[in-house]
Structure formats: structure tokens, C-alpha cells
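Residue-level structural notes
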Amino acid sequence: MVFEGKAEVDVTNAMIGLENGLAYNQLGRTGLAVSQAGFGCYRVDDATPAHRIALSGALQAGINLVDTSANYTGGGSERLVGKVLAELIAGGAISREQVVVVTKGGYLQGENYAISQQRKAQGRPYPDLVEYATGLEHCIHPEFLADQISRSLERMGLDCLDVYLVHNPEYYLAWAKSQGVAPDEARAEYLRRIELAFSHLETEAAAGRIQYYGISSNTFPMPADDFEHTPLTDICGIAARLGPDNHFAVVEMPLNILEPQAVILANQPGGQSVIEFAAAQGLGVLINRPLNAVTEKQMIRLSGFPDVEAPQPSKIIQGLDNLADLEDRGRELLVESGLDPALVNAIFNALPAAGGLRKHWDGFGGLEQWRTTRDSFLRPRMDFVAAQLNQNATDAGLDQWLEQWRGASQDLHRAVDELYMAMAAKQAGQVRQTLATAAPQWAEAGTLSQAAVRAVRSAPGVSSVLVGMRSPDYVQDVLTGLLSASEHDDGLENWRAVAAMGDEL
């Protein structure tokens, strides 16, 4: 089923002043009213019940902006949005007209990457394709964007996307820098590609498949002379050339209390920050990564953590030794099992988790990096080995070994998790303590995550803060924070004070 319609100005503005107690901002010149926090869909999918419950609860509580992308969880994020919207709209809990749906396109990973390889084999690669790395390409050419918009509409069961963002086009600049392209030449080509994309998106708006478009870029807040900086002034010039009625209306960028550049760095003409300039141009400003600060050394999660006692290094080393011994034993059993040699070889390639983890267990750049490695690399290997043996092995010895190996792996992962949890809790405490000195209005929020979101939504010009809410508890934390005061008056003063204490944070 396809739900017709789009977010409407009068319907979204009617949400202002409702009894839910939430505050809403204008999304720039679109006139649409959006909740001060939006539901960020980076790590949600349609296969996890908690994600579905969380999104449904957020929408019914009054959060009316959803930000997703074609590449999030291989399309599962968009499918989740579609399923929840369909369920709530059909049940009369919400209307299509009150929800602002934002999605993005530009990445070629997973299915898109496979399609790209097929096209190249057929001699018809996507034009302007950035071959960034094995398994990862990027493209913003009209031919690719048209296909991506169709797929996004289909996955979400919609006939119109409210905002379509070109997703991190600066991948081209990073590639050009690695290839030794001169800065002026790279900048000119970058802007040519963006203008081509914008011209196509105007045709999509005319066809009614999108309402507005824009760019999500991590390099908007960079110094203007940085090779990878995305120049908003030049991009506004491109939009202006497309006519006074162009549909360029939204930008998205990172901002958090440890990365304040979007607010305090004067990288625009006249000494303005990128958010000040965007607001002056009538653009809606969406903020991502309010709780994940990327520093030179690591990623710091701006959220409260329970007190966890860090395990002794000897416990982890012992766990690694135990796992390595089990993997050696597993190889012996596999050689003796009589299984197909190709299958045995595939399992062999998936097994050396202990060896890789032994080299890196104490070198991950924080809890998020460790958990990403665990969930995207280690656990899939475990699941592959278990699935292959459960399906093909008949030896009771292998069954017993598999149970022991999985248990040892889980025990080791739990110990490493506790190590980084303890580190994260210590960091969070230090951030909270410093924040209490630099910006006591923010620090008085109930939790560190509430303080971090409050800081971002206090920045003048910010329309909505995109927060990952993968569970009902996360949703409740955000809703509680939204009900606290967030005045813009002292926003810049607090940001300057926090930036001045950046070394301590």
C-alpha cells in the first residue's frame, strides 16, 4: 500500500501548543513545524521489535520529524519507517500530513554496491562514480539519485518525500585529495556535481516525488580553506541560479558539545558560523551526532553509563588464550569431520577471531568503536560458523565444541565490553563535571544525554536535533529532556564557554 500525501504547513503548525508539551521550530523557509528533536534512524531496522516500538512511541508522543537514509541498515531503516507510518496512519493515531520524512541518497554499499559492479561489468557504470574503497562507492549523479528516490519511496510506501538530502557528497573531495587533484580543480568539480544533482532534484520536486531538497555534510563546519570543506555560500549560489522558486531548503551537519565548530567557527562571509549563515539564508538546519563526539583520539559517547568495574587485563588475556585454544581444537575437528573442503575452508576463514582481537582489544577508540567492531565483524562470524555447523555437521564432538566456543566468545566480548563501559562512564563523568562549570544551565538537565541535546537545541538557527532512539527508554529520555526549558538567549555564550574549556573536556 502507498500512502499519498506529504507534510503540510498548516497541519504541522497545528501541533504547536498541543498538550504534549513539546516545543516546535520552523524548518527554515519550508514553513513546516518540526519537533526540537527528531527521530534519527541511523542504526534502526525493521527486524528489531524494540526499534518499531520506539519509533511508534516517539511519533505518537509528538516527535514529528524522522531522518533516515537509503543506506542505513541496508534499507531496513527506511522499511521500518514505512511500516510504522502505515500502521499508525491506518489506525488513525497520526496523519501523514503531520510527519516530516527526511531521507538521503549517495552511498553505494551492500545491494547498491552489487548493482554498481554489475553495471560496470556490463560497460555502463554510473556516471561520476566515486570508487572510494572496496565495498564502498559514492555517487550523486542524476541517474543514480533518480533510482534511489524510487527505491526510497517504495521501501517507505510513500508517494512523496518531504526532504531529500544529498548524503555526504564530500566523499568526492576525500577521493580527489587522495588522488592528488589540485584544490581549485577539485572544488570546481565538486560544485559541478552538486549543481547537476540540484538540477535533477528540481525536476523531482516538479514531479511531486519530493517537496524540498538539500545536503547532509560532515564538512560544512570545517575551516573554509580545508580541502574537504563543503562551501555553503557557493551552494546557495548554485540554488539561486536555478531560480527564485528553487526547492533547496535544508542542510544537515554534526554539532555537539565536544565539536562546537558549526556554532563558533567563523567560516562564512562576514564572520558568520555556518549555522548563522544557513539561518540567514532561510534554510532549515538539522543536527546529527549530538551524542557522539568524534575527537582526534576517539569517539566519546555523551550519555550516562552505569558504574561498571573494569575487568583486570589478565582476565581478558586469559579469555583470549582460552578462545585461541578452542579455535585450534575446532580446526582439528573440522579437518577430521569429512565435511566438504570448501565449507571447511570458509569456516577456517571465519574462525581467527581470537588472533585479531588479541592485537586490538585494548586499542579501540572507545565504546562505540568496540561495539561496532563486535556487532559488524565478530558476531557475524560467530553466526556464520554456527549456522554452517548446525546445518551440515553431524558429529557430536563438533556440536559440543561449538557450544564451548560460542560461550567462550561471549564471555570474552562481555569482558571487553565492561572494560570500555568503565572507560565511557569515567569520560561521561568528566564531561558532566566540566559542563557544570562552563554551562550550568545545560548541566542541570537530568542526564548527560539530556544536557547534550539541550545544548544543541539552544543554538540559534537549529531547527531540530536528530537523536538515535533505538529503544523506548531512549525515547523517554529524549521526551523528558524536551520538556525542560531551552532558551536561545544564552546559547552562544554557553557554547563559547564550553569551547574555551575544550581541552578539559
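Residues numbered from 1 in each chain as written. Predicted model: local features only at pLDDT ≥ 70, side-chain atom pairs only at ≥ 80, totals over all residues. Heavy atoms only, no water.

To continue, consider the overall build of the protein chain. Counting its regular elements, the protein chain contains 19 helices and 15 strands. Compactness check: the protein chain gives a C-alpha radius of gyration of 24 Å against a globular reference of 23 Å for 505 residues, within 12% of the reference. A principal-axis box enclosing the C-alpha atoms of the protein chain has dimensions of 75 × 60 × 55 Å. In the protein chain, buried positions account for 53% of the 505 residues. A separation threshold of at least 6 residues defines the contact pool for the protein chain, and within that pool the share at least 24 residues apart is 76%. For the protein chain, the accessible area works out to roughly 21400 Å², and carbon and sulfur atoms hold 49% of it. With 39 positive and 63 negative side-chain charges, the protein chain shows a separation of 2 Å between the mean positions of the two kinds. (Helix = DSSP H or I, 4+ residues; strand = E, 2+ residues; numbered from the N terminus. Rg over C-alpha atoms; globule rule 2.2 N^0.38 Å. Buried < 20%, exposed > 50% of the residue type's maximum accessible area, 1.4 Å probe, protein only. Contact = heavy atoms within 4.5 Å. Areas by Shrake-Rupley, 256 points an atom, 1.4 Å probe, with all protein chains shown as cover. Lys, Arg positive; Asp, Glu negative; His and termini not counted. Charge placed at Lys NZ, Arg CZ, Asp CG, Glu CD.)

Put simply, the largest pocket is a space of about 1500 Å³. Considering the residues around the largest pocket, the lining is formed by 47 residues, among which Tyr42, Arg43, Asn71, Tyr72 and Asn292 are closest to the centre. Within the residue set of the lining of the largest pocket, elements represented by two or more residues are strand 6 (107–108), helix 4 (110–121), helix 5 (142–156), strand 13 (292–294), strand 14 (299–301), helix 14 (367–392) and strand 15 (464–468). Examining the composition of the lining of the largest pocket, we find that 5 residues originate from one element, helix 14, more than from any other. Residues belonging to the lining of the largest pocket are distributed by class as follows: 15 nonpolar, 19 polar and 13 charged. (1 Å grid on protein atoms, 1.4 Å probe; cavity = no way out; pocket = protein on both sides within 12 Å on 5 of 7 lines; lining within 4 Å. Points joined across faces, edges and corners; volume = space filled by probe spheres on them. Nonpolar A, V, L, I, M, F, W, Y, C, P; charged D, E, K, R; others polar.)

Glancing now at the environment of Ala176. Secondary-structure assignment places Ala176 in helix 6 (residues 171–178). Taking relative accessible area as the criterion, Ala176 reaches 0% and is therefore assigned buried. Linking Ala176 and Glu189, residues 13 residues apart in sequence, is a C-alpha distance of 9.7 Å. Other than its neighbours up to four places away in sequence, Ala176 contacts Val181, Ala186 and Phe227.

Another aspect to go through is the sheet that holds strand 7 (residues 130–133). Strand order in the open sheet made by the 3 strands is 6-8-7, with antiparallel pairing throughout. Looking at the sheet topology across the chains shown, the edges are occupied by strand 6 and strand 7. Examined bridge by bridge, strand 6 and strand 8 (residues 136–138) share 2 bridges and lie antiparallel to one another. Counterpart to Tyr107 in the pairing with strand 8 is His138. (Pairing = 2+ DSSP bridges.)

Describing an aromatic ring pair means giving the distance of the ring centres and the angle of the ring planes. The full count for this structure, using the stated rule, is 13 aromatic pairs. Look at Phe364 and Trp370: their rings are 5.5 Å apart centre to centre, the planes differ by 55 degrees, and that puts the pair in the tilted class. Across this residue pair, the class does not change: Phe364 and Trp370 are buried. Through a chain of ring-to-ring contacts, three or more aromatic side chains come together here, namely Tyr107, Tyr132 and Tyr171. (Phe/Tyr/Trp six-rings, centres within 6.5 Å; stacked < 30°, edge-to-face > 60°.)

This part is about the packing of helix 5 against helix 7 (residues 183–206). The N-to-C vectors of helix 5 and helix 7 enclose an angle of 40 degrees; their axes lie 9 Å apart at closest approach. By the criterion of interaxial angle, the relationship of helix 5 to helix 7 is oblique. Like other packed secondary-structure pairs, helix 5 and helix 7 cross with a definite hand, here right-handed. Here Pro142, Leu145, Ala146 and Ile149 of helix 5 come into contact with helix 7, specifically with Leu196, Ala197, His200, Leu201 and Glu204. Residues belonging to the contact of helix 5 with helix 7 are distributed by class as follows: 7 nonpolar, 1 polar and 1 charged. (Axes fitted to C-alpha atoms, helices over the stretch in contact; angles between N-to-C directions. Parallel < 35°, antiparallel > 145°, perpendicular 65-115°, else oblique. Left-handed = near helix turned anticlockwise from the far one by under 90°.)

What follows is about the side chain of Thr30. By secondary structure assignment, the location of Thr30 is in the loop between strand 1 (24–26) and strand 2 (33–35). In this structure Thr30 comes out as buried when scored by relative accessible area, which is 4%. In this structure the side chain of Thr30 is engaged in a polar contact, spanning 2.7 Å, whose partner is the backbone oxygen of Leu27. With residues near it in sequence (within four places) discarded, Thr30 still touches Val9, Tyr212, Ala249 and Val250. (Polar contact = N/O pair within 3.5 Å; in protein donor to acceptor, adjacent residues only side chain to side chain.)

In this section: the environment of Glu444. Of note, Glu444 is situated in the loop between helix 16 (440–443) and helix 17 (448–457). For Glu444, the residues in contact, after removing those within four places along its chain, are Arg432 and Arg454.

Moving on, we come to the pairing of strand 10 (residues 210–216). Here strand 10 lies mainly inside the structure; 7 of its 7 residues are buried. Bridge count between strand 10 and strand 11 (residues 248–254): 4 bridges; the pairing is parallel. Within strand 11, the position partnered with Gly214 by the bridge is Val250. Assessed by its sense of winding, the connection that carries the chain from strand 10 through helix 8 (residues 232–241) to strand 11 is right-handed. (Right-handed = clockwise from strand over helix to strand, strands pointing away.)

Inspection of the entire model under this criterion finds 27 salt bridges. Across the pair Glu131 and Lys120 runs a salt bridge whose closest N-O atoms are separated by 2.9 Å. With a gap of 11 residues between them, Glu131 in strand 7 and Lys120 in helix 4 connect regions that are remote in the sequence. The class of Glu131 is partly exposed, set by a relative accessible area of 47%. Between Arg192 and Asp128 there is a salt bridge, with the nearest N and O atoms lying 3.1 Å from each other. Here the residue Arg192 occupies a position in helix 7, and Asp128 occupies one in the loop between helix 4 and strand 7, the gap between them amounting to 64 residues. Take Asp128: its relative accessible area is 23%, and that puts it in the partly exposed class. (Salt bridge = Lys/Arg side-chain N within 4 Å of Asp/Glu carboxyl O.)

Here we take up empty space enclosed by the protein. One pass over the structure, following the stated rule, counts 3 cavities of 30 Å³ or more. Looking at the largest cavity, its volume works out to about 50 Å³. Asp128, Val130, His138, Cys139, Ile140, Pro169, Tyr171, Tyr172, Tyr190 and Arg193 are the residues that line the largest cavity. Contributions of two or more residues to the lining of the largest cavity are made by helix 6 and helix 7.

Read these as layout, nothing more, since geometry by itself doesn't imply function.
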